[in-house]
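# Coordinates in review
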Amino acid sequence: MSPQPKVLKALNIISLVLLIGGYYLSLFYAPTEKVMGNVQRVFYFHVATAWVGMLGFLLAALFAVIYLAKKDLKWDAYGLAAVEISLVFFFITIVLGSIWARPAWGTWWTWEPRLTTAAILELIYLAYLMLRQGIEDPEQRARFGAVYTILGGLSIPLTLVSIRMFRTIHPVVIGSGGSEKMGMTDSMVFVMLYCIVAFSIIFANMYWHRLRLGQLAEQVEQAKMKLEL
C-alpha cells in the first residue's frame, strides 16, 4: 500500500488540533448553562456527532444511486465506508444524549419521538452491515446494499422532523429560533458551530483512512486468490 499522501498527513494533524480545540471550547470557553449546569457541555459534541452521522448515511444513499446508474463496485465501497463511520458517530450521539438526559429529564432513556427514531436509524444500518455478510457475490451484495441504503435513507428526514411533527420533550436546536428558545448565548452558538465544522473535517479524515484500509483489504483478497490458483 502506498504511503499516506501529504494532504492526509496534514489532515491528521488538523483533525487532532480541531478535536482538542472542541474539548477546550466546550469545557472552558462556553458558559455554564443556568438550569442544567456542566452536563449541558456534552450538547456541543452531541449535535456535532449527530450531524456527521446523518451526513454519512446521506452520502451512502447518494453513492448507492450512483452505483445503480454506473454499476461500478467502487461506489459500493464508498457507501459501505460511509455507513461504517457514521454508525460510530451516531452511536456516540445516542450515548451523549443519554448522559445529557439523565439530569435534564431524570432518566437515561425515554421513548419519545426523537430518541425512538434515532435508535431505529442506528439499528437499520447495523442490520445493513449484518445482512451484507450473508451475500457472497460482490455484484449482488452491491445491488442489495444500494437499494437498502436508499430505503434506509428515507428514515433520516423522519428523524430530523420528528421533534416538529410530534409532541416531544427533545429541544429544537436548529431552525425556528431553536437556539433562542434554548437560551443559548452567542458564545454557545459559536462553540456548537465550531464543533459541527470540526467533526465534519474529522469525518472526512476518518473516511479517507477507511477507504485506504478498504483498498488494502482488496489487495490482500486478490493475493489470496492468486495463491489459491
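The following paragraphs examine the structure supplied in this document. Per chain, the residues get numbers from 1 upward, laid out in the order the sequence is written. Two thresholds apply to this predicted model, a pLDDT of at least 70 for residue-level local features and 80 or more for giving and counting side-chain atom pairs, whereas whole-chain, interface and lining totals are computed over all residues. Side-chain metrics rest on all non-hydrogen atoms present in the structure, leaving aside hydrogens and water.

## As for unusual backbone geometry
What counts here: A helix here means a DSSP run of H or I that spans at least four residues, while a strand means a run of E at least two residues long, and both kinds are numbered starting from the N terminus. When accessible area is computed with a 1.4 Å probe and restricted to protein chains, residues below 20% of their type maximum are described as buried, those above 50% as exposed, and intermediate ones as partly exposed.
The backbone of Lys-71 sits at a positive phi, close to 60 degrees, despite the residue not being glycine. For Lys-71, the location among the structural elements is in the loop between helix H2 (42–70) and helix H3 (73–105). Using a relative accessible area of 51% as the deciding quantity, one classes Lys-71 as exposed.

## Considering H3
The line we're drawing: Given a helix with a known number of residues, its expected span is that number minus one, times 1.5 Å.
Taking 1.5 Å as the rise per residue, H3 with 33 residues should run 48 Å; its terminal C-alpha atoms sit 46 Å apart, in good agreement. Phi turns positive, to about 80 degrees, at Gly-106, one or two residues after H3.

## Things to note about a nonpolar patch on the surface
As a reminder, the rule being used: Grouping into patches uses exposed residues only, defined as over 30% relative accessible area, and leaves out salt-bridged ones; the cut-off is 9 Å for like charges and 5 Å for nonpolar side chains (Val, Leu, Ile, Met, Phe, Trp, Tyr). Surface exposure here means Shrake-Rupley accessible area, sampled with a 1.4 Å probe, where a residue is shielded only by the protein chains that are shown. Salt bridge, as used here: a side-chain nitrogen of Lys or Arg that lies within 4 Å of a carboxyl oxygen of Asp or Glu.
Among the surface-exposed residues, Tyr-23, Tyr-24, Leu-27, Phe-28, Tyr-29 and Phe-190 lie close enough to one another that they form a single nonpolar patch of about 700 Å² accessible area. The element contributing the most residues to the nonpolar patch is helix H1 (residues 6–29), with five residues. Accessibility expressed as a relative area gives 46% for Leu-27, which makes it partly exposed.

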